[in-house]
Amino acid sequence: MIKKQIRKNDLNFFQRTYITEIFKGLSLTFRKIFQKKFTRQYPEEKWNPPISFRGRPVLVQEKNGTERCVACMLCARVCPALAIEIQADETFEYSKERYPKKFEINMLRCIFCGFCEEVCPEEAIVMSQEFELVFSSQDEAIFGKDKLLIPKEKLQNRLEFLRQYR
Amino acid sequence: MNVSITIDGKKIDCDFSKTVIQVAQENGTSIPHFCWHPSLSVSGNCRMCLVDVGMPKRNREGQIEVDANGNPITQFMPKLAIACSTQVADGMVVETKSDKIINAREAVMEFILINHPLDCPICDEAGECKLQDYAYKHSVGESRFEFEKVQKPKRVAIGKNVMLDNERCIMCSRCIRFCDEIVKEPSLVFSERGDNVTLTTFPGTSLDNSYSMNTIDLCPVGALTSKDFRFKARVWDMSFTDSICVGCSRGCNTTVGVRNNEILRLTPRLNENVNSYWMCDDGRLNTFEFVNKNRIKQPMIKRDGKFSECEWDEAISKTISELKRFSPSEILVIGSPFATNEDNFLLKKFAKQVLKTENICFFNHIVEGNKDELLILEDKTPNSFALKEFGFGNGNNFLQMISEKKIRAVYLLEDNIATDETIVNLLSNVDFIVTHSPNLNATTQIASVVFSSSTYAEKNGTLTNFEGRVQRIRPSVATLEHDRALDGFAMSRLDQFGAHNDRWTKGEKRDARSSWKIILNVANGFGAKWKYNTAEDVFKEICLNVKSFENMSYAKISNKGLLLKKMEMYV
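Just so you know, these numbers come straight off a predicted model, no measurement behind them.

(A) Structural detail: helix α6 (residues 156–163) of chain A. Residue and element names in this part refer to chain A. Within the span of α6, buried status applies to R158, L159, F161 and L162. The buried side chains of α6 occupy one side of the element, clustering within an arc of 160° when seen end-on. Each element contacted by the buried residues of α6 is listed here: β1 (57–61), α4 (115–119) and β4 (125–127).

Below is the structure:
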């Protein structure tokens with residue numbers, strides 16, 4: 001059965017003033033005032049994301065100041081948005097054979113999928129907790145090693161979280 | 001003598017001198033292998049090509065026994081045999097896909113992988129590694145070996161172009177056999193025994209023959225890698241285009257590896273008629289740097305002794321107005337054995353029909369003594385055969401005319417002729433020199449107008465090698481006249497998905513043109529009204545006008561080249 005549609009000209013005069021409806025709506029608002037709040041005063045009140053959160057990808061920096069990355073380019077290969085560009089080179093330091101001479105992530109292309117972190121054989125690239133990314137130009141959105149390298153201690157939580165799933 | 005064998009139930013007639021792996025490969029059944037190589041002797045040490053081999057069962061009288069249905073009963077050998085060293089015999093039955101064989105392959109793979117390091121992420125071979133491919137196809141994916149892997153020397157420079165990682169070596173001995181049998185300069189050897197087997201050079205020697213880098217292509221794993229290409233790029237980020245080496249007149253078939261519009265490496269491509277699987281180190285390392293570096297990015301005109309870059313139209317009109325000052329007999333047109341057939345043919349047509357000069361020549365570049373038995377030839381140009389075919393004279397005959405000041409203008413195609421002082425001094429007698437050149441060199445220094453021309457890696461065309469084989473070159477590096485997608489270039493992943501603001505699409509594009517196109521523009525500036533849209537159009541005209549090119553076409557040349565008609569009888 002098709003429900004009969006109520007049109008504006010079907011309403012009587014009192015209904016047409018909408019007074020009852022206005023009070024219905026206001027009563028809902030009034031009731032909600034006393035309930036628990038779900039919103040937050042961002043940016044004054046910061047949010048600490050859970051450890052499973054995928055913020056911007058960063059490179060793990062070892063104590064000696066170098067990156068863990070060996071420039072295998074698996075992250076660049078797996079990246080569905082082709083955000084990562086790496087140029088490998090040879091190194092004779094720290095028992096590594098190769099290192100990334102250039103490691104750049106285009107943060108405008110990055111879709112925060114975390115595939116790079118998942119594929120990395122060295123636990124060298126991880127998703128951080130940072131989500132506040134602002135750029136004023138396209139070039140500024142390309143993060144080089146200077147912005148990507150984060151000391152290992154600061155990423156300890158994430159590294160331990162990942163180890164549960166290895 | 002022909003024999004009949006059965007591979008996986010398929011009856012095949014073949015020559016009795018062949019081995020099972022050869023017959024299988026020729027008939028579309030690929031048998032996995034590491035140490036076997038079509039051009040090398042059989043070593044039979046990797047055991048990857050195990051197959052089940054049987055013969056029809058015979059009774060005591062020597063008659064073939066049959067089952068209830070009348071089909072002959074096959075009696076298989078008690079153990080699996082390696083296909084690479086098993087010669088075919090009449091009635092032989094070969095199984096390559098049964099469970100028994102799959103189990104055996106998995107066991108062999110597990111055995112080979114016992115001491116193979118998990119180096120793939122830092123190994124240059126990854127992506128084109130036989131062991132990696134087979135680990136996916138023929139392996140169970142895990143190892144039962146729970147002890148420490150054997151440690152061996154890594155990062156050993158065993159030659160000036162080759163890097164050795166002994167841990168990765170699977171002891172297939174292809175490189176050793178290559179040096180012994182193909183180059184005939186034995187320099188590699190296995191030392192130690194068991195799982196300590198190590199590839200080394202003989203004491204006090206190194207892998208320095210002129211073909212050493214072929215061992216890199218031969219190596220089925222990443223044990224031997226190129227020092228030049230080391231860590232430059234991943235193979236899956238590059239595009240690969242079939243081309244021809246321009247290092248000498250052999251015309252070795254090559255594959256050009258390009259990333260971000262820059263050539264990163266050349267590798268040989270199989271052509272049994274020319275270079276088989278090989279190419280020399282010299283050709284591999286020294287024929288792409290001039291494409292990437294030291295380029296002329298725009299046409300240039302010399303004003304008051306200094307070059308200034310200009311537009312194409314300006315350079316062309318300047319050339320035309322200058323050339324018109326001279327009578328035809330005062331103009332010398334010099335072809336180039338480095339340029340394609342198309343370029344030189346059109347140059348000759350331009351000289352004959354537009355400039356109406358008879359002074360047409362080219363200079364040979366022969367390095368005497370620089371040759372060997374295998375590939376390297378004395379003639380260091382890829383296309384001198386065609387120039388003789390087109391009727392270009394010997395350049396040295398015209399030097400006299402230049403010194404007598406009978407020649408006052410020179411139109412020169414991509415060639416650096418001012419290599420010694422006598423020729424530089426001679427050319428100072430000439431009033432006007434126009435040259436096409438991809439690179440800055442001594443000749444462009446003394447020219448008045450320089451057209452920036454494309455290199456072999458940026459144009460379509462054909463080259464004719466020393467025995468008269470016409471072979472195709474294709475563009476792999478884009479110039480401003482190209483669009484990778486629209487012009488049918490080989491495209492890497494990055495080329496396909498890169499946007500204008502991605503850094504990997506920003507490889508330098510030069511404003512260079514194919515020489516035949518420049519000649520076409522100059523000729524039309526003289527009022528010639530020629531109509532060629534592609535290099536293929538020019539080639540069609542060559543086929544109509546030059547007898548030995550008759551009935552040729554780009555389609556017929558394809559990837560393997562085509563011999564000139566008059567040369568067919570000699571080969």
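Having put the structure on the table, let's press on.
(B) Main features of the nonpolar core. Residues and elements named next belong to chain B. Membership of the largest hydrophobic core comes to 67 residues, with the highest contact counts inside it found for I5, I31, F34, L131, F178, L188 and L224. Looking at this core, the element that brings in the most residues is helix α4 (residues 174–183), giving 6 residues. Structurally, this core is a two-domain feature, drawing no fewer than three residues from each of domain 1 (2–97) and domain 2 (110–226). Ignoring sequence-local partners within four residues, the contact set of L188 consists of I158, C175, I176, C179, L199, T200, T201, F202 and L207.

(C) Fine view of the environment of B:V23. Residue and element names in this part refer to chain B. Tracing the backbone through its elements, the reader meets V23 in helix α1 (residues 20–26). Residue V23 is classed as buried on the basis of its relative accessible area of 0%. Placed 388 residues apart in sequence, V23 and Y411 show a C-alpha to C-alpha distance of 55 Å. Apart from residues no more than four positions distant in its own chain, V23 is found in contact with I5, I7, I12, C14, K18 and V88.

(D) Seen up close, the packing of aromatic side chains. All names here are of chain B. For the coordinates displayed, the defined rule picks out 19 aromatic pairs over all chains. Seen from their ring centres, F345 and F390 are 5.8 Å apart, and the 65° between their planes marks the pair as edge-to-face. Of this pair, F345 sits in helix α9 (residues 341–355) while F390 sits in the loop between α10 (384–389) and β19 (393–394), and the two are 45 residues apart along the sequence. The interplanar angle of 70° and the centroid separation of 6.2 Å between the aromatic rings of W530 and Y532 together place this pair among those described as edge-to-face. By relative accessible area, which is 7% here, Y532 ends up buried. Taken together, the ring pairs in this structure connect F345, F390, F539, F549 and Y554 into an aromatic cluster. A cation sits over an aromatic face here: K349 above W530, 4.8 Å from the ring centre. R513 extends its terminal NZ or CZ atom over the ring of W312, reaching a point 4.2 Å from the ring centre.

(E) How the structure looks around the domain arrangement of chain B. Residue and element names in this part refer to chain B. By the assigned domains, chain B splits into domain 1 (2–97), domain 2 (110–226) and domain 3 (300–570). Computed from C-alpha coordinates alone, the two centres of domain 1 and domain 2 are separated by 30 Å. Taken together, the contacts link 14 residues of domain 1 with 16 residues of domain 2. Roughly 1,200 Å² is buried in total at the junction of domain 1 and domain 2, and carbon and sulfur atoms are behind 62% of that figure. Connecting domain 1 to domain 2 are 0 salt bridges. For the pair domain 1 and domain 2, the number of links is 10 residue pairs in polar contact (both at pLDDT 80 or more). Of the residues in the side of domain 1 that touches domain 2, the class split is 8 nonpolar, 6 polar and no charged.

(F) Summary view of the sheet that holds strand β3 (residues 98–106) of chain A. The strand order across the open sheet built from 3 strands is β2-β3-β5 (chain A), with neighbouring strands paired in antiparallel fashion. Of all strands in the sheet, those with a lone pairing partner are β2 (84–90) and β5 (142–143) of chain A, marking the two edges.

The rules behind these values
- Residues numbered from 1 in each chain as written.
- Chains lettered and ligands numbered in written order.
- Predicted model: local features only at pLDDT ≥ 70, side-chain atom pairs only at ≥ 80, totals over all residues.
- Heavy atoms only, no water.
- Buried < 20%, exposed > 50% of the residue type's maximum accessible area, 1.4 Å probe, protein only.
- Helix = DSSP H or I, 4+ residues; strand = E, 2+ residues; numbered from the N terminus.
- Arc of directions from axis to C-beta.
- Contact = heavy atoms within 4.5 Å.
- Core = buried A, V, L, I, M, F, W, Y, C linked by side-chain atoms within 4.5 Å.
- Domains from an automatic or database assignment.
- Phe/Tyr/Trp six-rings, centres within 6.5 Å; stacked < 30°, edge-to-face > 60°.
- Lys NZ or Arg CZ within 6 Å of the ring centre and 35° of its normal.
- Buried area = accessible area lost by both parts, 1.4 Å probe.
- Salt bridge = Lys/Arg side-chain N within 4 Å of Asp/Glu carboxyl O.
- Polar contact = N/O pair within 3.5 Å; in protein donor to acceptor, adjacent residues only side chain to side chain.
- Nonpolar A, V, L, I, M, F, W, Y, C, P; charged D, E, K, R; others polar.
- Pairing = 2+ DSSP bridges.

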